[in-house]
Every structure is written in structure tokens, then in C-alpha cells.
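What follows is the residue order along each chain.
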Amino acid sequence: MELDPENLPQNLKPQPIPQLLHSVFEKGPFKTCCVCSKVLTDGRLYEIQKVFKGREAIFEMAICHGCGEEVAQEFSNESKENMKKFLVDNFRPAPEPAQCHFCGFPRNLVPNFTIVGMCQKFSLLVPSIIMCEKCTERLQGKLSRKTREAQGDFIKDNFPGVPEGLDVTPSPSLILG
Ligand SMILES: [Zn+2]
Ligand SMILES: [Zn+2]
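## Some details on the overall build of the protein chain
So, step 1. When you go through the protein chain residue by residue, the secondary structure sums to 5 helices and 6 strands.
So, step 2. Secondary structure elements of the protein chain occur, N-terminal to C-terminal, as β-β-β-α-α-β-β-β-α-α-α.
So, step 3. Out of the 177 residues belonging to the protein chain, those deemed buried represent 32%.

Shown next as C-alpha cells:
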């Protein structure tokens, strides 16, 4: 999908990155890719993901488009198709990140959720996407063993302190493409 910010409706125009997507660790916006350490704000596309348990962010990462694509290469084609189908079939657009975008459950009632933002420079390109834990599980259930192992390796290699079994899918090209 080619993104032309000029043609988008007002509420879909790039916005400043909201605090919800800032780094807790860096106490501000993410500055570098968590995988390759390159500067994020030079114009490349990047993705921010945070996993919340209640009010606490238990996982956070910013990953540049190039690193995201590299991880996605390890995923099986079948999983990529299933993932895309799940996202397209279930996505319910909403301008405010107040509910799960896949089942509609209000965010303040679901204790655990993932928030994803596609960014460029200091802007959020499209409204951030919220996925509750149940929907994350549904999505994970559609992935092959090979893909789940690739996800696990990615987390283990880049985020050693993260508890095993945390489902994180770096997927900028899958969500936008
Ligand atoms: Zn990177
Ligand atoms: Zn949901």
C-alpha cells in the first residue's frame, strides 16, 4: 500500500507520537532501533510495539522497517498469509485507541493488550492499533510452529530479559502492506 499523507482524511493524517508509544526506559520517544541501533528519526519507517499488563508496560520495542522485514523473512509463507487474512478480516478502524481494534472490547476493561504504531521521523503515520490479549492469542493460533519459533528466537536474541511466551510479532510490512 502506497501511503500518501496528503490524501488522507484529517483524523488519519500523521500525528505527533502519543505518550502511550514513548519509551518508558528512555523516558521519551524512541530514538534508535532496538535491533540494529540505527537512528530511527532520519526518515525511515519504523514500528513501535508495547505490551501492557494493566497500567504497566511489560515490553517495549522500536524496530526499523529493514529489521522488521528481516525478521518476517523467517516466517513461513502460510503464516504470513494467515496473519494478513486475520488482520484484514478482523480489523475495525477507530480513530482513538480506546478499544481493541479486532474485537471492539474497551481498552480500560482488558488488562493486557499490545499497542502498535507505525512511525516516521517524529510522527505516527496512521492511528495506533490496539490488540487485546485474547485477539493476540487468536492470531498466534494461526501461525505455524516455524513462525512461532522465529518469533521466540527474535525475542530471545534481542530482548534477553523478556519472559518466555510473550507474543510479539514484528510485522510492519504485514500490517501496512
Ligand atoms: Zn533496525
Ligand atoms: Zn480483542
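## A word on helix α3 (residues 133–140)
So, step 1. All of the buried residues along α3 are C135, T136 and L139. With its buried residues spanning 105 degrees around the axis, α3 presents them on a single face.
So, step 2. As for α3, its buried residues are in contact with α2 (77–90), β4 (112–120) and β6 (129–132).

## Focus: the pairing of strand β3 (residues 56–64)
Within a regular beta strand, the side chains point alternately toward one face of the sheet and then the other, so they alternate between its two faces.
So, step 1. Looking at chain direction, strand β2 (residues 45–53) and β3 are connected through 8 bridges and run antiparallel. When the bridges of β3 are listed, Q49 appears paired with M61.
So, step 2. Hairpin connection from β2 to β3: 2 residues lie between these consecutive antiparallel strands, with G54 at a positive phi of about 60 degrees.

## Brief notes about the confidence of the model for the protein chain
So, step 1. Overall, the predicted model of the protein chain reaches an average pLDDT of 85, with 86% of residues at or above 70.
So, step 2. Confidence scores differ between elements of the protein chain, with helix α5 (residues 172–176) showing the lowest mean pLDDT of 46 and strand β5 (residues 123–124) the highest of 94.
So, step 3. Throughout residues 172–177 the model reports pLDDT below 50, and contacts reaching past four residues in sequence, or to other chains, amount to 19 contacts.

## Here we look at helix α4 (residues 145–158)
At 3.6 residues per turn, the α-helix brings residues three or four places apart onto the same side.
So, step 1. The end-to-end C-alpha separation of α4 is 20 Å, in line with the 20 Å expected for 14 residues at 1.5 Å each.
So, step 2. All of the buried residues along α4 are T147, A150, Q151, F154 and I155. Along the long axis of α4, the arc covered by the buried residues comes to 130 degrees, so they all point the same way. Opposite its buried face, α4 presents the exposed residues R145, D153, K156 and D157, each directed more than 90 degrees away.

## Notes on the pairing of β2
So, step 1. The element β2 is extensively covered by neighbouring structure, given that 7 of its 9 residues are classed as buried.
So, step 2. The sheet contact formed by β2 and β4 spans 9 bridges and is antiparallel. Bridging across to β4, K53 finds its partner in N112.

## Some points on the nonpolar core
So, step 1. Residues C33, Y46, A62, I63, C100, F113 and M131 are the most contacted members of the largest nonpolar core, which totals 39 residues.
So, step 2. By residue number, the principal contributor to this core is β4, which donates 5 residues.
So, step 3. In contact with C33, not counting residues within four places along its chain, are K38, L40, Y46, A62, I63, C64 and C67.

## Comments concerning the environment of P14
So, step 1. With respect to the secondary-structure elements, P14 resides in the segment before β1 (15–16).
So, step 2. Its 17 C-beta neighbours within 10 Å are what place P14 among the partly exposed residues.
So, step 3. Each C-alpha atom, one on P14 and one on S123, is 5.7 Å from the other, the two residues being 109 residues apart in sequence.

## Description of the environment of I63
So, step 1. Summarising the element assignment, I63 is placed in strand β3.
So, step 2. Using a count of 26 C-beta atoms within 10 Å as the deciding quantity, one classes I63 as buried.
So, step 3. For I63 and F30, which are 33 residues apart along the polypeptide, the C-alpha to C-alpha distance reads 9.6 Å.

Definitions and cut-offs
- Residues numbered from 1 in each chain as written.
- Chains lettered and ligands numbered in written order.
- Predicted model: local features only at pLDDT ≥ 70, side-chain atom pairs only at ≥ 80, totals over all residues.
- Helix = DSSP H or I, 4+ residues; strand = E, 2+ residues; numbered from the N terminus.
- Buried ≥ 20, exposed ≤ 12 C-beta atoms within 10 Å, placed from the backbone.
- Arc of directions from axis to C-beta.
- Contact = placed C-beta atoms within 7 Å.
- Pairing = 2+ DSSP bridges.
- pLDDT = per-residue confidence, 0-100.
- Expected span 1.5 Å × (residues − 1).
- Core = buried A, V, L, I, M, F, W, Y, C linked by C-beta atoms within 7 Å.

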